[in-house]
Amino acid sequence: MADQLARTHPLEAWLPAFAELTGAVRIDAEPFVSMAVLRAARATTGDLRIRGTALPTAPNTWAPAGDGRLIWLGPDEWLLTSPGTAPEALEEELQTLLRPVGGSAADVSAQRISLRLGGPQARQVLAKGCSIDLHPRVFTAGQSTQTALGQAAVVLLALDEDEFAVLVRSSFAGYLASWLLDASLEHADPALTS
Amino acid sequence: MQLIECPWCGPREETEFSYGGQAHVPYPEQPGELSDEQWAHYVFYRDNPKGRFAERWNHNTGCRRWFNAIRDTATYRFERVYRLDDPQPSATELAGPRRSTS
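All of these numbers come straight from a predicted model, not from anything done at the bench.

K.L.:
Looking at this structure, I do not really get the overall build of chain A. What am I missing?
P.N.:
A count of helices and strands for chain A gives five helices and twelve strands. In terms of C-alpha radius of gyration, chain A reaches 18 Å, essentially the compact-globule figure of 16 Å for 194 residues. Along the first, second and third principal axes, the C-alpha atoms of chain A reach 60 × 55 × 25 Å. Split into buried and exposed, the 194 residues of chain A put 36% on the buried side. A sequence separation of at least 24 residues applies to 58% of the contacts in chain A between residues at least 6 apart.

Okay, here's the thing in structure tokens:
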């Protein structure tokens, strides 16, 4: 009988380097999260609520929904994350909600993983890789953005003043982790760089 | 790098977008009745103006939506972006005097 395959995080190899990074920037890899993409025409989603949250209609925003987040991806497209629900159950739950209004939901849990970036210099690190206005007055908690960070397409979420989540495709995660570590080096504890 | 204003996401770097050719090329009303030559004109023949040109662009890395833009082919300046359901630009807008590059 074939051996049971153990699920490993794409950033397993980078975790020690993240842990060593002390100073004005912290990087963490978040554990696996279930994600589903929701598609529905705007006209049909008027009072539709996903886990108590209305679908965000303003571009580049996200809202907390249940134990996860509901993220605007396009005028008729959203991403729902949920750490506590199995991917199949999440898809089923959303399809039940969206089918009556002609929408659809698809499980995309395997597509992206989430990195957590924090610390007083986190904005400086992100600003090195994209042209988004990351000023604390503009990119406030509740804002999100889809852009290229370095060479990787990411979804960037502002969680708090100094706290960001970066959703990146699993196959690009290693590249982005190296890029973030390199970009964070100048803000790291001097003992690390010497 | 030039920033292009996506009608949904806002200003993003040019490398996030891809070009989709001339905008407002109508699909033939009676495709079955077209001759080969007329098909070739529909499929391959496009305007190539020096100056303002209405084009289709796609925001690949962001919202992945198509939109239209009026771009000056001589200066590469984006004059205006608009959504697919917005009205077509008038002939006078496309023919208007170009802004200088300076």
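Okay, back to it.
K.L.:
Sorry, what's going on with the sheet that holds strand β4 (residues 52–59) of chain B here?
P.N.:
Within a sheet, each strand pairs with its neighbour through backbone hydrogen bonds, oriented either parallel or antiparallel. Residue and element names in this part refer to chain B. If you trace the four strands from one edge of the open sheet to the other, you get β3-β4-β5-β6, paired in antiparallel fashion. Here the strands that pair on one side only, and so sit at the sheet edges, are β3 (17–22) and β6 (78–82). If you compare each strand with its neighbour and ignore which way they point, the axes differ by 35 degrees on average. Here seven bridges tie β4 to strand β5 (residues 66–72), and the two strands are oriented antiparallel to one another. By the bridge assignment, Glu 55 is partnered in β5 with Ala 69.

K.L.:
Is there a simple way to think about the environment of Ala 23 of chain B in this case?
P.N.:
All names here are of chain B. Residue position: Ala 23 is located in the loop between β3 and α1 (36–44). Put simply, Ala 23 and Ala 54 are 31 residues apart on the chain and 5.5 Å apart in space, counted from C-alpha to C-alpha. Residue contacts for Ala 23: discarding those within four places in its chain leaves Ala 54, Glu 55, Arg 56 and Asn 68.

K.L.:
How should I be thinking about the domain arrangement of chain A in this particular structure?
P.N.:
How big an interface is tends to be stated in terms of the accessible area lost upon association of its parts. Residues and elements named next belong to chain A. Here chain A is partitioned into domain 1 (13–31 + 110–188) and domain 2 (33–108). Between the C-alpha centres of domain 1 and domain 2 the distance comes to 24 Å. On the side of domain 2, eleven residues touch domain 1, which itself brings eleven residues to the contact. Elements with a minimum of two residues in the side of domain 1 that touches domain 2: β9 (112–118), β10 (144–149) and β11 (152–160).

K.L.:
Can you walk me through the interface of chain B and chain A in this structure?
P.N.:
If you look at the interface, chain B gives 13 residues, while chain A gives ten residues. It is strand β2 (residues 10–13) of chain B that contributes the most residues to the side of chain B that touches chain A, three residues altogether. Taken together, the residues that form the side of chain B that touches chain A break down as four nonpolar, four polar and five charged.

K.L.:
Would you mind going over the nonpolar core with me for this structure?
P.N.:
Where a protein is soluble and globular, its nonpolar side chains tend to be buried together. Residues and elements named next belong to chain A. If you look at the biggest cluster of nonpolar residues, it comprises 58 residues, and the most contacted ones within it are Ile 71, Trp 78, Leu 80, Leu 117, Phe 164 and Val 166. With six residues, the top contributor of residues to this core is β11. Counting only domains with at least three residues in this core, you end up with domain 1 (13–31 + 110–188) and domain 2 (33–108). Leaving out residues up to four positions away in the same chain, Leu 80 has contacts with Met 35, Ala 36, Leu 38, Ile 50, Ala 65, Gly 68, Leu 70 and Leu 94.

K.L.:
Quick question: what am I supposed to make of the sheet that holds strand β6 (residues 68–74) of chain A here?
P.N.:
Residue and element names in this part refer to chain A. Pairing within the open sheet is antiparallel, and its five strands lie in the order β5-β6-β7-β2-β8. Among the strands making up the open sheet, the edge pair consists of β5 (62–65) and β8 (104–107). The mean angle between the axes of side-by-side strands here comes to 25 degrees, regardless of whether they run parallel or antiparallel. Pairing between strand β2 (residues 34–39) and strand β7 (residues 77–82): six bridges, direction antiparallel. From the neighbouring strand, Met 35 faces β7, where its bridge partner is Thr 81. Across the sheet, helix α2 (residues 87–98) lies against β2, β7 and β8, angled at about 175 degrees from β8, the strand it touches most.

K.L.:
Even after reading the chapter, I still don't get the environment of Asp 133 of chain A, so can you show me in this structure?
P.N.:
Residues and elements named next belong to chain A. Relative to the elements of secondary structure, Asp 133 occurs in the loop between α3 (122–127) and β10. For the pair Asp 133 and Arg 123, spaced ten residues apart in sequence, the C-alpha separation works out to 9.9 Å. Every residue in contact with Asp 133, bar those within four places of it in the chain, is listed here: Val 138 and Phe 139.

K.L.:
How do you make sense of the pairing of β10 of chain A when you look at a structure like this?
P.N.:
Two faces make up the sheet, and in a regular strand the side chains alternate between them. Residues and elements named next belong to chain A. In terms of residue burial, β10 counts as a mostly covered element, since five of its six residues are buried. Summarising the sheet, β10 and β11 pair through six bridges and their orientation is antiparallel. Across the sheet, residue Thr 147 finds its bridge partner in β11, namely Val 154. Between β10 and the antiparallel strand that follows it, β11, lie two residues; Gly 150 among them carries a positive phi value of about 65 degrees.

About the thresholds
- Counting restarts for each chain: residues are numbered from 1 in the order of the written sequence.
- Chains and ligands are labelled by the order in which they are written, letters from A for the one and numbers from 1 for the other.
- With the structure being a predicted model, the display of local features is reserved for residues of pLDDT at least 70 and the display and counting of side-chain atom pairs for 80 or more, all residues being used for whole-chain, interface and lining totals.
- Secondary structure elements follow DSSP: runs of H or I of four or more residues count as helices, runs of E of two or more count as strands, with numbering from the N terminus.
- With C-alpha atoms as the basis for the radius of gyration, the globule rule is written as 2.2 Å multiplied by the number of residues raised to the power 0.38.
- With C-beta atoms placed from the backbone, a residue is labelled by how many other C-beta atoms lie within 10 Å of its own: buried for 20 or more, exposed for 12 or fewer, partly exposed between the two.
- Each residue is represented by a C-beta atom placed from its backbone, and any two residues with such atoms within 7 Å are regarded as in contact.
- The pairing criterion is simple: DSSP has to find at least two bridges between the two strands.
- Orientation is described by axes fitted as lines to C-alpha atoms, over the contacting stretch for helices, and by angles from 0 to 180 degrees between their N-to-C directions.
- Domain delimitation in this document rests on an assignment produced automatically or drawn from a domain database.
- Each residue is assigned to one class: nonpolar for Ala, Val, Leu, Ile, Met, Phe, Trp, Tyr, Cys and Pro, charged for Asp, Glu, Lys and Arg, and polar for all the others, Gly among them.
- Buried Ala, Val, Leu, Ile, Met, Phe, Trp, Tyr and Cys residues form a nonpolar core when they are connected through C-beta atoms within 7 Å.

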